[in-house]
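One-letter residues, chain by chain:
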Amino acid sequence: MAHKLYMAFLIFIFALLQISVFPMINIFDVTPNLMLGLTCAFGIMHGKNHGIVMGIVCGLIVDSFFGFAIGYYMILYMLCGYLSGFMNKGFFPDNIRMPLIVFAIADILYNFVVYLTFFFMRGDVGFFQYFLHIIAPEAVYTLLLMLIFFPIILVLDNKLTKRANRSARKFV
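So, here's what we can say about the structure.

## Quick notes on the packing of helix 3 (residues 48–66) against helix 4 (residues 72–85)
(1) Moving on: Contact geometry of helix 3 with helix 4 gives a least axis separation of 7 Å together with a crossing angle of 155 degrees. By the criterion of interaxial angle, the relationship of helix 3 to helix 4 is roughly antiparallel. Between helix 3 and helix 4 lies a crossing whose hand is right-handed. In contact with Lys48, Gly51, Ile52, Gly55, Ile56, Cys58, Gly59, Leu60, Val62, Asp63 and Phe66 of helix 3, helix 4 contributes Tyr72, Tyr73, Met74, Tyr77, Met78, Gly81, Tyr82 and Gly85.

The following block contains the structure:
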């Protein structure tokens, strides 16, 4: 139960930051995709199932605030959470490079799919301009912020897991 409250708290904080704070602090006219970073973080730390659940919830929130229809971003976030969950087996909390690489790849792939569905399908083929002005700056911005937020998420998650393990040992 505490873990679900922790996840809900993080979703609320990250949604609040992505929806209200970081649009005012946009750099190069892009905002970071913190909800995608949170989805990938839980996929990396806890596996595919947590990544899918976090992707569905975060995607629905993004759909409700930024989307044109419910479900588009939910599917993208769910896929990113699922794919980042494959990195769970190779995740070591001491090594932050692997999660950062996953965050960058997920953000680039996410924006590539958005480009394909929103721009390329209607005939806008300026991919390199879109990459230089949207995809790359957003990936760097998200990566820099997740470099700050991921260790905090990791420390809180480890404390919660240790507390749950301690109470489970008392129960047995």
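## As for the environment of Pro99
(1) Moving on: One can find Pro99 in helix 5 (residues 97–118).
(2) Moving on: Residue classification places Pro99 among the buried positions, given a relative accessible area of 0%.
(3) Moving on: Distance from Pro99 to Gly37, taken between C-alpha atoms, is 9.5 Å for residues 62 residues apart in sequence.
(4) Moving on: Here Pro99 is in contact with Ile44, Phe91 and Phe150, once residues within four sequence places are set aside.

## Observations regarding unusual backbone geometry
(1) Moving on: The backbone of Phe28 shows a phi angle near 55 degrees, a positive value even though the residue is not glycine.
(2) Moving on: Secondary-structure assignment places Phe28 in the loop between helix 1 (2–21) and helix 2 (34–46).

## Brief notes about the packing of aromatic side chains
(1) Moving on: Across all of its chains, the model carries 20 aromatic pairs by this definition.
(2) Moving on: Taking the centre distance of 6.3 Å and the plane angle of 90 degrees together, the rings of Phe22 and Tyr141 count as edge-to-face. Of this pair, Phe22 sits in the loop between helix 1 and helix 2 while Tyr141 sits in helix 6 (residues 127–171), and the two are 119 residues apart along the sequence. In this structure, Phe22 and Tyr141 share a single accessibility class: buried.

## Side note on helix 3
(1) Moving on: Taking 1.5 Å of rise per residue, the 19 residues of helix 3 would be expected to cover 27 Å, and the 25 Å separating its terminal C-alpha atoms lies within 8% of that figure.
(2) Moving on: For helix 3, the set of buried residues is Gly51, Met54, Gly55, Cys58, Gly59, Val62 and Asp63. One face of helix 3 carries all of its buried residues, which in axial projection span an arc of 165 degrees.

## Points about the nonpolar core
(1) Moving on: Counting 45 residues, the largest nonpolar core has Phe14, Leu38, Phe42 and Ile153 as its most contacted members.
(2) Moving on: Counting residues per element, the ones that place at least two in this core are helix 1, helix 2, helix 3, helix 4, helix 5 and helix 6.
(3) Moving on: With 10 residues, helix 6 is the single largest residue contributor to this core.
(4) Moving on: With near-sequence residues (within four places) excluded, Leu38 lies in contact with Leu10, Ile11, Phe14, Met54, Cys58, Met146 and Ile153.

## Here's the deal with the side chain of Asp107
(1) Moving on: Relative to the helices and strands, Asp107 is located in helix 5.
(2) Moving on: Among buried Asp, Glu, Lys and Arg side chains, Asp107 stands out as unpaired, with Arg122 the closest opposite charge at 19 Å.
(3) Moving on: In this view, Asp107 contacts Asn33, Leu36, Ile135, Glu138, Ala139 and Thr142; residues no more than four positions away in its chain are not counted.

Rules and cut-offs
Residues numbered from 1 in each chain as written. Predicted model: local features only at pLDDT ≥ 70, side-chain atom pairs only at ≥ 80, totals over all residues. Heavy atoms only, no water. Axes fitted to C-alpha atoms, helices over the stretch in contact; angles between N-to-C directions. Helix = DSSP H or I, 4+ residues; strand = E, 2+ residues; numbered from the N terminus. Parallel < 35°, antiparallel > 145°, perpendicular 65-115°, else oblique. Left-handed = near helix turned anticlockwise from the far one by under 90°. Contact = heavy atoms within 4.5 Å. Buried < 20%, exposed > 50% of the residue type's maximum accessible area, 1.4 Å probe, protein only. Phe/Tyr/Trp six-rings, centres within 6.5 Å; stacked < 30°, edge-to-face > 60°. Expected span 1.5 Å × (residues − 1). Arc of directions from axis to C-beta. Core = buried A, V, L, I, M, F, W, Y, C linked by side-chain atoms within 4.5 Å. Lys, Arg positive; Asp, Glu negative; His and termini not counted. Salt bridge = Lys/Arg side-chain N within 4 Å of Asp/Glu carboxyl O.

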